[in-house]
Structure formats: structure tokens, C-alpha cells
Amino acid sequence: TLTVEASNIFTVQKGRSESNTRRERVEVQLPAKIPPRTALSIQVLRKEVTLSVPVLLTITQNEAVRTEMGEYRSVSGANISARYSLKPLPAAGREQAVTDGAEPVEAVIGEHRAELLAERYRFNVGLLMGEARSRLRWADGKSIKNEVDLQVGARAAGRLGSGPCSAPSLPAGEVGTETRSLLEQLRGEALKFHKPGENYKTEGYVVTPNTMALLKHHLTITGGQVRTRFPPEPNGILHIGHAKAINFNFGYAKANGGVCFLRYDDTNPEKEEEKYFTAIREMVEWLGYQPYAVTHASDYFDQLYTWALELIRRGQAYVCHQKVEEIKGHNPPPSPWRDRPVEESLLLFEDMRKGKFGEGEATLRMKLVMEDGKMDPVAYRVKFTPHHRSGDKWCIYPTYDYTHCLCDSIEHITHSLCTKEFQARRSSYFWLCNALDVYCPVQWEYGRLNLLYTVVSKRKIIRLVETGAVRDWDDPRLFTLTALRRRGFPPEAINNFCARVGVTVAQATMEPHLLEACVREVLNEQAPRAMAVLEPLKVTITNFPAPKALEVLVPNFPADESRGFHKVPFQPTVYIEETDFREEVDKGYKRLAPGQPVGLRHAGYVIAVQNIIKDASGRVIELEVTCTKSDVAEKPKAFIHWVSEPLVCEVRLYERLFLHKNPEDPSEVPGGFLSDLNPDSLRVVRSALVDSSVLSARPFDKFQFERLGYFSVDPDSEEGKMVFNRTVTLKEDPGKA
């Protein structure tokens, strides 16, 4: 049994072991039959230790868990967790006894500290990846990337200071309440981005003998105008992270008098559906942005194919027959076809186009090494799937790595704004444009926006739909943009949230309640007031002051009565919340009880209990009360909402879909995200009552139901039965009884 203890792994720092820590441990049992020369990799709290141990192992905690070669599993002790893998050790690495991934990464970052300080946002982190991988030849590439991101992120937010486009430093998961508008953050010199036509002034930009002529031609086409693009894949619905991308791309162009393209990256026909194209454009426009033009990568398939032929002729691409499995990961074997003759690759690529190769039998690969060490990315692959726009014309389709920069070049984009995971592709972006001698835009990267208590992966959302955990992509418990709209989140609130998060370099992971705070701010100004009762209790006023129903004027916005009123009926029978009445009064309770009157909001009357009517089980089903005008009655301790002659409606009350902050983290949720579902994430009230002022409301109209929260009309509403979604609750008031 190999025991992983806190004393020798849990606290490894800079290659030293702290032996005075408590000995939390995870036991690893070794079976009798062991393949020779196998590496055991154990990862504990982002620290990776590689032991040259000949082992095919079982990790034991409560019960045995059998592994296969190369497969990852996780187990947890009381205070630590371990993640392990098995793979044969190459001969050159068999003498390596212990390698701590954190120390070499820290050393690489230290060597480049001056450049990081000088360039900050512009620094290409892919270079760090390449150097770190050269020092950790047998370590897992993904683990190295995570360690680089972790350490660079920490320095970007702290020790290196704020970068030119960083928001003020804040505690994790918090946003500032006093924030410049997004346009102010993006305007002019705020980001230190290059001016149109001055691409060559950008650090790392590759200048060729034709660069200046290409830039001059570019300026004659654009007139010096800023051009950006938002390039989503039409294989899923946009989520909250995309909202930041939309705001950044469209906002930067708008702030600087430019234009933004909406370009669908439709290069994978297997996963694309028309509903996604439609929903993406709807969400962009819903957030308040109008694309300068709507384009598709497929608009340029002919030109892209012509350029692929040219790339082969220039000796920069070749047809390869390695299988997908062979070229996956960070250390694939070199292609034996890398140096095949140009004429041969041209003929084979033509055969690919004519459908003479099956899927996976041939690819076109580019001759370059990316920053993270990956060699020769694929430019074209065979797919016998009809395209939604070009039909059966093509059976080969270009990849993102090939398509993205060339489409940017065709559209004369000035600033290609991407999230940080694309930073490792920046050099290939420049390389491909220059290899073909075409205009080369500049790629800039920014930090992603993530939320806790949710998943946004397309694959995981599909699983949630398939298992019935949610209804569809627009289920209001999700954080897709269509779901947020259905729940009642106003687009202004989402944009304000993005502005408060700021245009940061580091990834931002936020608490949902910070977004909800932005929603409340907007709805407080936008949502007219109405009264609704979720759990009705009948109240009969025995001394009603008029022979027929009265009309009560209720202000739409009590803080600003100039914004109008609506009328609600007031008659002898009204309904109040069941929770607004108690038979016995506790200390601090201020609402209705025997001997304790309350006021009815907006009615001008105070009611007092005279008689309590119960059913056979002893449950209170009706109150008989008397009323007194407010101006002559003693001032009550509280005022409650009520309805009279109400509409019956359905109300859906939403809570968080997941129980843990990070449902995808196996250390937090060992059973997987589907095991973390909150059983109380949705409660449906089928016979709620709402005042008749909402009768003419349409889907997505929003109201504040007084004392209850903000609600939005759901598209499921039909004549005779309205459906409301609770958007957010009201702000918590500690003094509220």
C-alpha cells in the first residue's frame, strides 16, 4: 500500500516537504501483477508529483476502485483529495524520481517577470507553456496549463499589478458598485489597443516585407474604422459568459465609432441547427446590439479552399493519414508524412475534396508548432455531412485554427478579441496570415466570465435536458441567455453586470447573487407594482363601508407617483397571505393576529380580527374582520398586501439548480454534476391570486409583486391562465417582521 500523506505531498512548496503537518492520507494499494516501467501520477491540490513506480494500481477508500491504464479517477480523504493516472514512462524519463510542477512553472514565470511587468495584458502566455513543458517533459500537459494559468492569474491580479485593461482589484467573487460604464472602460486609450492600421506596433506582431502595403490597402477599405466581430459556433445557445464577449466586441466597436460583425463559425455541420442561428442573433439584439453585417464562415469556403491549395504549394501544409487518436494530446508522435512532396499533397487534397477518403483517413495539416507545444494543427478534415447552407457541395470542412484568422482577414477586422484560452493560438493566427501573404489582424485576449452554482457546457446542458432535470435550453434555472430572458432578467442588468466585472485579463468567477443585485437595480426602476397572493387566506370584512365594490388607486411606482396609477377593486371579500396571520403573537411579530390589527396597503383601511373559521382538521380557512379608516384608527404596526376579485394564475418559484458552488469539480461533487441537483430548485404554485391590473400583460412583461419579489410573464401563459416566473426576490430587510 502506497500512502499519500499530507506531510509529504499535501504541502509541497518549492520542492520542499513540510513534515510537521497533520497526516491526512489517501491509501493506494498495489496489486500483485504489475506492468513494468509504469508512471504513477498523483495530483493533490494542484501540486503534481510524478513517481517512477512500477504499478497498475487500485486506490482504496471505503471500497476498492479498479483503474485501467491511463484513466483518471478521483478519491477524497477527510481534508485532501488525490487525482491519479497511469501511463508507461518513456525510457528517458525513467530516472526521474520526483517532479513538482509548481516549481518549474514558477521558475519560468520568474525568468520572464520583466516582460510580464512591461507587457502585462499583451504578454503571450503560450511562450511560458512551451518553456514549462520543455522542463516537465513527462508531466500531463493539461496540469501544466492549469498551473501556468493559476500562477500568471495570481500575478496579474496581485504581484504584477493591474494591467492596462484590468478592473480595480477586488476580493474573489465580488464586483464594485461604483463602476464606469462599459463604454467608458472601452473608449479610446482605456485598453491601450493599437489604432487601426498600426497593427505592427503590437508586441509580438510579425512584420513581413509586404506588411505595410497590406495595411495601407486595409485602411483604404476600412477608412481607419475600428472593426470587431462576435464569432459564435451555431451548435448551442449563448450563456452568461457570451454576454461578456458580446459586450466587449460590440461595445469596443461602439465606444470607438466602429462596427461589429456577427459571424457564425459554421464549420462543423454535424452539430449545427437553424434554431441556434436564430437564437444567437435574437440574443445579440436583445442585449441591445445591431450587427454591422451577419456573415458565415461558410460564405468564404471557396476562398478558404483556394488558400489551402496555395498553402500546400508554398510547402506549408501537407496531407496526413495519422488517426485522430494518434495526434490528440500534447505529445503526439511526429507525422511520417510531414515531408511528402508538394505535388503529392495537392493530388491527395483533391482526392479528399472528391470524397475518395473516408472520415478520419486523411487530414490537411499546417507546418507549425504552437506556443503550447502542439505540432501541425489540422486545417481540413473529411466529413460526409451536408451543410445547412452549402448542401452537398463539400465533404471537407476547415477547422477553427485555419478558418478564424482568415475570415478575420477577409472582413478586415482590426481587433480580434478572444478569451484567454485562445492565447496559445495567437502565433498560429499570425503565422497563417503571413504564410499566405494576406492582411493580418491583431488578436487580443481577455478573461472569461464564469458563474458559480451552474454549468454552461453544451454537452452538460444537453444531459440536463435529456434526463428531465430541466425542460430545455431556456429553463429559467439555467444561465443561458434565453433562460435568463425567460426568467425575467432585463438585458440592461446583464450589461451592467458585465461592466461591473470589468474588462479583466484574469478569469472572473462570480457569485450569482451579484448578477441578481444588478437585476434588482434595473427592475426597481422598470417594473410597475402589483399585488399578488401565493398562499391565499380568505378575509371577509363584516362592516364593509359601501354597498358595492370600491376602486382603489395604486401607484405604479410608489416612489414616483408621476409615473401613473392603476385601479384595483376593493370589496367585502379580500385575500391575504396565509403567513400574514397568526393566532398567537410571538415577540417581534407585527402582522395580523387577534388583538393586533394591520393596515391594507393602498386601501386606506385597517382591519382587526373578529372571528376565526377553521375546517375539520383545525386549519384556518377564513377570517372575519372589521375595518376602520386609516385616518381615524390607531396606526398599525404593519401594512400587508391583499387582492380582491383576483385572477387565478400559476407562479413558478426558482432556486439554484445545484447545491454546490462548483458542481463540475470532482473534489466537491465526486458523483458528478447530475448528482448535485437541488430537489427544491422549482416550486410551482398553481392557484396563486394576482390583482386584475396585470390582465393585459404579455410574455416577458415584468412586475414587482409587492413584498414578494420581481416576476415576469412566462410564454406558457394562455388566455384564462397566466403564468409568472419569479425573477428574483426583493432585497432582504433585516428589520422586516
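Conventions used here
- Residue numbers restart at each chain and count upward from 1, following the sequence in its written direction.
- Totals for whole chains, interfaces and linings use every residue, but because this is a predicted model, local features are given only for residues with pLDDT of at least 70 and side-chain atom pairs only at 80 or more, for both listing and counting.
- Just so you know, side-chain values use all the structure's heavy atoms and leave hydrogens and water out.
- Going along the chain from the N terminus, every DSSP run of H or I of four or more residues is numbered as a helix, and every run of E of two or more is numbered as a strand.
- Accessibility here uses a 1.4 Å probe with only protein chains present; expressed as a share of the type maximum, an area under 20% marks a residue as buried, one over 50% as exposed, and anything in between as partly exposed.
- In this description, contact between two residues means that some pair of their heavy atoms is separated by no more than 4.5 Å.
- Areas reported as accessible are Shrake-Rupley estimates using a 1.4 Å probe. Residue values count occlusion only from the protein chains shown.
- Each axis is a line fitted through C-alpha atoms, taken for helices only over the stretch in contact, and angles between the N-to-C directions span 0 to 180 degrees.
- Roughly parallel here means an angle under 35 degrees, roughly antiparallel means over 145, roughly perpendicular means 65 to 115, and every remaining angle is called oblique.
- Residues are grouped as follows: Ala, Val, Leu, Ile, Met, Phe, Trp, Tyr, Cys and Pro are nonpolar; Asp, Glu, Lys and Arg are charged; all remaining types, including Gly, are polar.
- By this definition, two strands are paired if DSSP reports at least two bridges between them.
- We count Lys and Arg on the positive side and Asp and Glu on the negative side, and we leave His and both chain ends out.
- Salt bridges are defined by distance alone: a side-chain nitrogen of Lys or Arg within 4 Å of a carboxyl oxygen of Asp or Glu.
- Polar contact is the term for a pair of N or O atoms within 3.5 Å; when the atoms are in protein, one must be able to donate a hydrogen and the other to accept it, and sequence-neighboring residues count only if both atoms are side-chain atoms.
- Patches were defined on residues exceeding 30% relative accessible area and lacking a salt bridge, with like-charge contacts within 9 Å and nonpolar side-chain contacts (Val, Leu, Ile, Met, Phe, Trp, Tyr) within 5 Å.
- Multiplying 1.5 Å by the helix residue count minus one yields the expected span of that helix.
- In this scheme the crossing of two helices becomes right-handed for a clockwise turn of the near helix relative to the far one and left-handed for an anticlockwise turn of less than a right angle.
- The pairing test for Phe, Tyr and Trp rings, Trp by its six-membered ring, is centres within 6.5 Å, and the orientation test on the planes gives stacked under 30 degrees, edge-to-face over 60, and tilted for anything in between.
- Counting as a charge over the ring demands two things of the Lys NZ or Arg CZ atom: a distance within 6 Å of the ring centre and an angle within 35 degrees of the ring normal.
- pLDDT expresses, on a scale from 0 to 100, how confident the predictor is about each individual residue.

A. Broad picture of the overall build of the chain. Assigned secondary structure in the chain consists of 18 helices and 34 strands. Burial statistics for the chain: of 737 residues in total, 51% are counted as buried. Contacts in the chain between residues far apart in sequence, at least 24 positions, make up 69% of those at least 6 positions apart. For the chain, the accessible surface area stands at approximately 33,400 Å², while carbon and sulfur atoms represent 49% of it.

B. Molecular detail of the packing of helix α8 (residues 240–255) against helix α17 (residues 491–501). At a closest axis distance of 10 Å, the pairing of α8 and α17 adopts a crossing angle of 75 degrees. The orientation of α8 relative to α17 falls into the category roughly perpendicular. Counting all contacts with α8, which are made through Ile 240, Ala 243, Lys 244 and Asn 247, the residues of α17 involved are Ile 494, Asn 495 and Cys 498. Partitioning the contact of α8 with α17 into residue classes produces four nonpolar, two polar and one charged.

C. Layout of α17. By the criterion of burial, α17 is predominantly enclosed, with nine of the 11 residues buried. Where α17 terminates, the next one or two residues include Gly 502, which has phi positive at roughly 85 degrees.

D. Geometry of the side chain of Asn 268. The topology assignment puts Asn 268 in the loop between β10 (259–264) and α9 (274–286). Every residue in contact with Asn 268, bar those within four places of it in the chain, is listed here: Arg 381 and Lys 383.

E. Seen up close, the sheet that holds β10. As summarised here, the arrangement of the three strands in space is β9-β10-β11, forming an open sheet in which the pairing is parallel. Only two strands of the sheet have a single neighbouring strand rather than two, namely β9 (227–230) and β11 (293–296). Pairs of neighbouring strands in the sheet enclose a mean axial angle of 30 degrees, with direction left out of account. Where β9 and β10 come together, four bridges link them in parallel fashion. Note that in β10 the partner of Arg 227 across the bridge is Val 259. Here α9 sits on the sheet and contacts β9, β10 and β11; the angle it forms with β10, its principal contact strand, is near 160 degrees.

F. Focus on the side chain of Arg 529. Along the polypeptide, Arg 529 turns up in strand β20 (residues 529–530). It is Glu 706 that comes nearest to the buried, bridge-free Arg 529 among opposite-charge side chains, at 6.3 Å. Engagement of the side chain of Arg 529 in a polar contact is seen with the side chain of Asn 524, the distance being 2.8 Å. When residues no more than four places from it in sequence are discounted, the contact partners of Arg 529 are Leu 523, Asn 524, Pro 555, Asn 556, Phe 557, Pro 558, His 566, Gln 704, Glu 706 and Tyr 710.

G. Region of the structure containing the sheet that holds strand β25 (residues 573–577). One open sheet holds the six strands; their spatial order is β25-β22-β28-β27-β26-β29, and the pairing between them is mixed. Strands at the two margins of the open sheet, each flanked by one partner only, are β25 and β29 (639–640). Note that strand β22 (residues 536–541) and β25 share five bridges and pair antiparallel. Counterpart to Leu 537 in the pairing with β25 is Ile 576.

H. Main features of the pattern of salt bridges. In the structure shown here, the tally under the stated rule is 41 salt bridges. Here Glu 198 makes a salt bridge to Lys 201, at a shortest N to O gap of 3.4 Å. Given the relative accessible area of 24%, Glu 198 is considered partly exposed. Where Arg 485 meets Glu 282, a salt bridge forms, and the shortest distance between an N and an O atom there is 3.8 Å.

I. Quick look at the pairing of strand β12 (residues 317–320). Both faces of β12 are covered, namely the face carrying Ala 317 and Val 319 and the face carrying Tyr 318 and Cys 320. As judged from the four bridges shared by β12 and strand β13 (residues 363–366), these two strands associate in the antiparallel manner. From the neighbouring strand, Val 319 faces β13, where its bridge partner is Leu 364.

J. Fine view of a nonpolar patch on the surface. On the surface, Tyr 200, Val 207 and Met 212 cluster together to form a nonpolar patch covering roughly 270 Å² of accessible area. Within the secondary structure, Met 212 is located in helix α7 (residues 211–222). The exposure class of Met 212 is partly exposed, given its relative accessible area of 44%.

K. A look at helix α10 (residues 301–313). Given a rise of 1.5 Å per residue, 13 residues ought to cover 18 Å, and the 19 Å separating the end C-alpha atoms of α10 matches this to within 8%. If you check which residues of α10 are buried, you get Phe 301, Leu 304, Tyr 305, Trp 307, Ala 308, Leu 309, Leu 311 and Ile 312. Just beyond α10, the residue with positive phi is Gly 315, at close to 75 degrees.

L. Representation of the packing of α17 against helix α18 (residues 512–526) within the structure. Orientation of α17 relative to α18, taken along the N-to-C sense of each, is 135 degrees, at an axis distance of 8 Å. Here α18 runs oblique to α17, going by the angle between their axes. For the pair α17 and α18, the crossing hand works out as right-handed. On the side of α17, the interface is formed by Glu 492, Ala 493, Ile 494, Asn 496, Phe 497 and Arg 500, while α18 contributes Leu 514, Leu 515, Cys 518, Val 519, Glu 521, Val 522 and Gln 526. Residue composition of the contact of α17 with α18, by class: eight nonpolar, two polar and three charged.

M. Structural detail: the packing of aromatic side chains. According to the stated counting rule, one finds 22 aromatic pairs in the structure shown. Their ring planes at 25 degrees and their centres at 5.3 Å tell us that Tyr 305 and Phe 349 sit as a pair that is stacked. Of the two residues, Tyr 305 is situated in helix α10 and Phe 349 in helix α12 (residues 342–353); the sequence distance between them amounts to 44 residues. Residue Phe 349 is classed as buried on the basis of its relative accessible area of 0%. Members of the aromatic cluster, connected to one another through ring pairs, are Phe 301, Tyr 305, Phe 349, Tyr 380, Trp 394, Tyr 397 and Tyr 402. Arg 563 extends its terminal NZ or CZ atom over the ring of Phe 557, reaching a point 3.6 Å from the ring centre. Positioned over the ring face of Tyr 453 is Arg 656, at 3.9 Å from the centre of the ring.

N. Seen up close, unusual backbone geometry. One non-glycine residue, His 412, adopts positive backbone phi at about 55 degrees. Along the chain, His 412 turns up in the loop between α13 (400–410) and β16 (415–419). Phi is positive for Glu 645, which is not a glycine, with a value near 45 degrees. The class for Glu 645 is partly exposed, based on a relative accessible area of 41%.

O. Main features of the environment of Glu 719. Tracing the sequence through the fold places Glu 719 in the loop between β33 (709–713) and β34 (722–728). The sequence separation of Glu 719 and Leu 695 amounts to 24 residues, and the corresponding C-alpha distance is 9.6 Å.

P. Expanded view of the confidence of the model for the chain. Of the residues in the chain, 76% reach a pLDDT of 70 or more, and the chain-wide mean stands at 81. The low-confidence segment residues 1–100, where pLDDT is below 50, has 210 contacts with residues more than four positions distant or belonging to other chains. Note on residues 732–737: pLDDT under 50 across the span, and four contacts to partners over four residues away in sequence or across chains.

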